[in-house]
Amino acid sequence: MESVQRWWQDLSGLVLPAECGGCGTARTVLCHRCRAALHGTAPRRVRPDPEPPGLPAVHAAARYADEVRAVLLAHKERGALALTRPLGTALAGAVRVGLEEAGEGEGPPPPASSRAVLLVPVPSARRATRSRGHDPARRIALAAAAELRAARVPVRVAAVLRQRRVVADQTGLNSRQRLDNLFGALAVAAGGARLLCGADAVVLVDDLVTTGASLAEAARAVRAAMETHRTAEVPGPPVRGTRRTGAAGRAAGEEGVAAVYDSVAREGKEVRPSEARKGGTDPVPVRVRPLDAARSSGLLRAAVVAAPPDAFERNNRN
């Protein structure tokens, strides 16, 4: 009986966190105070200083300090996965505000009724993902997509970015060194450029922005793949969105295989690419609209859960 009780305590500790991820209050995922710190303010445009070249408009839900910092670290480094949903709610708010604000980012906001949005998580380094046992940005993006779909925003998570090479640990590097360290480190996976070009809006998502170097590199990789795809493609009727391999994929600057998630599911097992049917291997048609000149500028923005407090203040002064 005692062993059963210990087993139940261990299991309940996984399902019901022993303490608040922000302050340590017992038996709650997030206490009211920490939830207010994460969700209590309206998402805002933020600007790192210096602002790296090529950084799209970034919106953040909360200030990276105190309780919010503790929550993000608990989720990322300690595997407190019960925090995924509240973090996804915060990210969804930042995505929504970024899409609705006119004059921000690249290109005009798409009509709300027809908005087709791709959330593109910035990937962690492979060694970091192995060490943590999960990819925090992708996990939060999936939760954010569920929140947005509940609000009738047609959105999918497209994990199209891949690490092309090993990068140095960013700890201790200044903004210029981080830019140099990350430049050329990311590429779009095979089939990814077609998905990106078929969306009305592409939102790069991450849990945190500090110098903006990671988001700037992600934006560079996305723009490069989309531009190469546009010059290579001849406008025509809608096609079945399947992944390209070999010379066609390499011509568009694509590497690996893109994974698109239509719903929230457990990473690694129940999350599956949208082109794979459950219980079979036949491809599922993905409708991709033909590219035209009117949409050539696209809409590229970024959203994060948190940013340093001075990034909020700096945007107020601009």
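Placed above this text is the structure.
A quick note: this is a predicted structure, and the numbers were derived from the prediction, not measured.

Conventions adopted
- Throughout this document, residue positions are counted from 1 along each chain, in the order its sequence is written.
- Residues qualify for local features only when their pLDDT is at least 70, as the model is predicted, and side-chain atom pairs are given and counted only at 80 or more; totals for whole chains, interfaces and linings, by contrast, use all residues.
- Processing note: side-chain calculations cover all non-hydrogen atoms of the structure and skip hydrogens and water entirely.
- We define a salt bridge as a side-chain nitrogen of Lys or Arg found within 4 Å of a carboxyl oxygen belonging to Asp or Glu.
- In this text, helices come from DSSP runs of H or I with a minimum length of four residues, and strands from runs of E with a minimum of two, each type numbered from the N-terminal end.
- Partly exposed residues are those whose accessible area sits between 20% and 50% of the maximum for their type, while under 20% is buried and over 50% is exposed, using a 1.4 Å probe and protein chains only.
- Expected helix span is taken as 1.5 Å per residue step, with the number of steps being one fewer than the number of residues.
- Whether two residues are in contact is decided by their heavy atoms: any pair within 4.5 Å suffices.
- Between any two strands, pairing holds if DSSP finds at least two bridges.
- Throughout, an axis means a line fitted to C-alpha atoms (over the contacting stretch in the case of helices), and angles, computed between N-to-C directions, take values from 0 to 180 degrees.
- Working definition: roughly parallel below 35 degrees, roughly antiparallel above 145 degrees, roughly perpendicular at 65 to 115 degrees, and oblique for all remaining angles.
- For this classification, the nonpolar set comprises Ala, Val, Leu, Ile, Met, Phe, Trp, Tyr, Cys and Pro, the charged set comprises Asp, Glu, Lys and Arg, and every other residue, Gly included, is treated as polar.

(A) Region of the structure containing the pattern of salt bridges. Within the structure shown, the criterion is met by five salt bridges. A salt bridge links Glu217 to Arg220, with the shortest nitrogen-to-oxygen separation between them at 2.7 Å. With Glu217 and Arg220 both in helix α9 (residues 213-232) and three residues apart, this pair spans about one turn of that helix. Arg220 sits in the partly exposed class, given a relative accessible area of 24%.

(B) The arrangement of helix α4 (residues 84-100) in detail. Along its 17 residues, α4 runs 24 Å from first to last C-alpha, staying within 8% of the 24 Å computed at 1.5 Å per residue. Burial analysis of α4 places 13 of its 17 residues in the buried class, which makes it a mostly covered element.

(C) Representation of the environment of Val222. Relative to the elements of secondary structure, Val222 occurs in helix α9. Among the residues examined, Val222 registers a relative accessible area of 0% and is labelled buried. C-alpha of Val222 to C-alpha of Cys197: the two residues are 25 residues apart in sequence and 9.8 Å apart in space. In this view, Val222 contacts Leu161, Val188, Leu196, Leu204 and Leu300; residues no more than four positions away in its chain are not counted.

(D) Looking closely at the pairing of strand β12 (residues 300-307). Burial within β12 is extensive, with eight of its eight residues counted as buried. By the bridge criterion, five bridges tie strand β2 (residues 58-63) to β12 in an arrangement that is parallel. Within the sheet, the bridge partner assigned to Arg63 lies in β12 and is Ala307. The pairing of strand β7 (residues 201-208) with β12 spans six bridges and is classified as parallel. Within β12, the position partnered with Leu208 by the bridge is Ala306.

(E) Summary view of the packing of helix α2 (residues 32-39) against α4. Two elements in contact, α2 and α4, have axes whose closest approach is 9 Å; the angle formed by their N-to-C orientations is 30 degrees. One element, α2, and the other, α4, form an angle in the roughly parallel class. The residues of α4 that touch α2, namely those facing Arg35, Leu38 and His39, are Pro86, Leu87, Thr89 and Ala90. Of the residues in the contact of α2 with α4, the class split is four nonpolar, two polar and one charged.

None of the figures reported here should be taken as evidence of function without further support.
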